[in-house]
Amino acid sequence: MRLTEFWQRMDAAFGPIYSRSVASDQVLATLGGRTVEQALAQGEDAKWVWRAVHAAFELPATQR
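So, how was this worked out
- Residues numbered from 1 in each chain as written.
- Predicted model: local features only at pLDDT ≥ 70, side-chain atom pairs only at ≥ 80, totals over all residues.
- Heavy atoms only, no water.
- Phe/Tyr/Trp six-rings, centres within 6.5 Å; stacked < 30°, edge-to-face > 60°.
- Helix = DSSP H or I, 4+ residues; strand = E, 2+ residues; numbered from the N terminus.
- Buried < 20%, exposed > 50% of the residue type's maximum accessible area, 1.4 Å probe, protein only.
- Arc of directions from axis to C-beta.
- Contact = heavy atoms within 4.5 Å.
- Axes fitted to C-alpha atoms, helices over the stretch in contact; angles between N-to-C directions.
- Parallel < 35°, antiparallel > 145°, perpendicular 65-115°, else oblique.
- Left-handed = near helix turned anticlockwise from the far one by under 90°.
- Nonpolar A, V, L, I, M, F, W, Y, C, P; charged D, E, K, R; others polar.

Trainee: What exactly am I supposed to notice about the packing of aromatic side chains here?
Mentor: Within a pair of aromatic rings, the relevant descriptors are the distance that separates the centres and the angle that separates the planes. If you walk through the whole model with that rule in mind, you get four aromatic pairs. Centroid distance Phe 6 to Trp 50: 6.3 Å. Interplanar angle 85 degrees. Geometry classified as edge-to-face. Of this pair, Phe 6 sits in helix α1 (residues 3-14) while Trp 50 is found in helix α4 (residues 46-56), placing the two residues 44 residues apart along the sequence. Between Phe 14 and Tyr 18, the ring centres sit 5.9 Å apart and the planes meet at 70 degrees, which makes this aromatic pair edge-to-face. A relative accessible area of 45% means that Tyr 18 is categorised as partly exposed.

Trainee: I tried to follow helix α2 (residues 18-25) on my own but got confused; where do I start?
Mentor: The periodicity of an α-helix, 3.6 residues per turn, causes residues three or four places apart in sequence to face the same way. What α2 keeps buried is the set Ser 19, Val 22 and Ala 23. Angular distribution of buried residues about the axis of α2 spans 95 degrees; they occupy a single face of the element. In this fold, the buried residues of α2 make contact with α1 and α3 (36-41).

Trainee: So what exactly am I meant to see when it comes to the environment of Val 36 here?
Mentor: Locating Val 36 in the fold gives a position in helix α3. You can call Val 36 buried: its relative accessible area is 1%. When the C-alpha atoms of Val 36 and Ala 23 are compared, they prove to be 4.7 Å apart, with 13 residues separating the residues in sequence. Once residues within four sequence positions are removed from consideration, Val 36 is found in contact with Phe 6, Ala 23, Gln 26, Leu 28, Leu 31, Val 49 and Val 53.

Trainee: When you look at the packing of α1 against α2 in this model, what are you seeing that I'm missing?
Mentor: Helix packing for two helices is described by the angle between their axes and how far apart those axes are. Where α1 meets α2, the axes come as close as 8 Å, and the angle between the chain directions of the two elements is 110 degrees. Classified by the angle their axes make, α1 and α2 are roughly perpendicular. Relative to α2, α1 is oriented so that their crossing is right-handed. Note on element contacts: α2 touches α1 through Tyr 18, Ser 19, Arg 20, Val 22 and Ala 23, opposite Trp 7, Met 10, Asp 11 and Phe 14. For the contact of α1 with α2, the residue count by class is six nonpolar, one polar and two charged.

Below you can see the structure in the form of structure tokens.
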């Protein structure tokens, strides 16, 4: 998954403003205690990060 698709999914799930807040403020255990931004900056695969977000926020299956 490309980063552009990742951010499109984040915006669709949380809205364009709140998605950036989620990415910078929410520490997820499934990301090793990192935020989305930290995980992506450290080279984690965007698809893996999206799956972690999807699970942590219990997003609907339609947003997979």
